Amino acid sequence: KALALVTAAVVLFGLTVQGAGLGIAAAALVLVAAPASRNFRLMPTLVLAAALATFCILVFIVGLGLPFPALGRWLRG
């Protein structure tokens, strides 16, 4: 089960990073992979997902200038 969840999280990230944006894809990665742990708890996972999404946007888009969308075309009006 754990291997399937982690693999699914990585595949989901790859499929959503362009459409939903880097922040949403990183948060989804954490939310899908976290239940693979025996110590899974929802609130710390939500905090980690938000922190990782913010960190990824700041480092990869703002800091390094990589051409990932922060907010993908699926979420833009």
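Below: a short report on this structure. (Residues numbered from 1 in each chain as written. Predicted model: local features only at pLDDT ≥ 70, side-chain atom pairs only at ≥ 80, totals over all residues. Heavy atoms only, no water.)

### Some points on the packing of helix α1 (residues 2-20) against helix α2 (residues 22-33)
(1) Moving on: Interhelical geometry of α1 versus α2 gives an angle of 165° and a closest axis separation of 8 Å. Judged by the inter-axis angle, α1 sits roughly antiparallel to α2. Once α1 is placed against α2, the crossing between them reads as right-handed. Seen from α1, the contacting residues are Leu5, Val6, Ala8, Ala9, Val10, Leu12, Phe13, Thr16, Val17 and Ala20; seen from α2, they are Leu22, Ile24, Ala25, Ala26, Ala28, Leu29, Val32 and Ala33.
(2) Moving on: A per-class count over the contact of α1 with α2 returns 17 nonpolar, one polar and no charged. (Axes fitted to C-alpha atoms, helices over the stretch in contact; angles between N-to-C directions. Helix = DSSP H or I, 4+ residues; strand = E, 2+ residues; numbered from the N terminus. Parallel < 35°, antiparallel > 145°, perpendicular 65-115°, else oblique. Left-handed = near helix turned anticlockwise from the far one by under 90°. Contact = heavy atoms within 4.5 Å. Nonpolar A, V, L, I, M, F, W, Y, C, P; charged D, E, K, R; others polar.)

### Remarks on the environment of arginine 76
(1) Moving on: Position of arginine 76 among the secondary structure elements: in the segment after α3 (42-63).
(2) Moving on: Relative accessible area serves as the criterion here: at 52%, arginine 76 is assigned to the exposed category.
(3) Moving on: C-alpha of arginine 76 to C-alpha of glycine 19: the two residues are 57 residues apart in sequence and 9.8 Å apart in space.
(4) Moving on: Engagement of the side chain of arginine 76 in a polar contact is seen with the backbone oxygen of leucine 71, the distance being 3.0 Å. (Buried < 20%, exposed > 50% of the residue type's maximum accessible area, 1.4 Å probe, protein only. Polar contact = N/O pair within 3.5 Å; in protein donor to acceptor, adjacent residues only side chain to side chain.)

### Re α2
(1) Moving on: Its 12 residues place the ends of α2 16 Å apart at the C-alpha level, agreeing with the 16 Å of an ideal helix rising 1.5 Å per residue.
(2) Moving on: Close packing links the buried residues of α2 with α1 and α3. (Expected span 1.5 Å × (residues − 1).)

### Considering the nonpolar core
(1) Moving on: By size, the foremost hydrophobic cluster in this structure holds six residues: Val17, Leu22, Ala25, Ala26, Cys56 and Ile61.
(2) Moving on: Mapped by element, the contributors of at least two residues to this core are α2 and α3.
(3) Moving on: For this core, the element with the most residues is α2, which contributes three residues.
(4) Moving on: Leaving out residues up to four positions away in the same chain, cysteine 56 has contacts with Leu22, Ala26 and Ile61. (Core = buried A, V, L, I, M, F, W, Y, C linked by side-chain atoms within 4.5 Å.)

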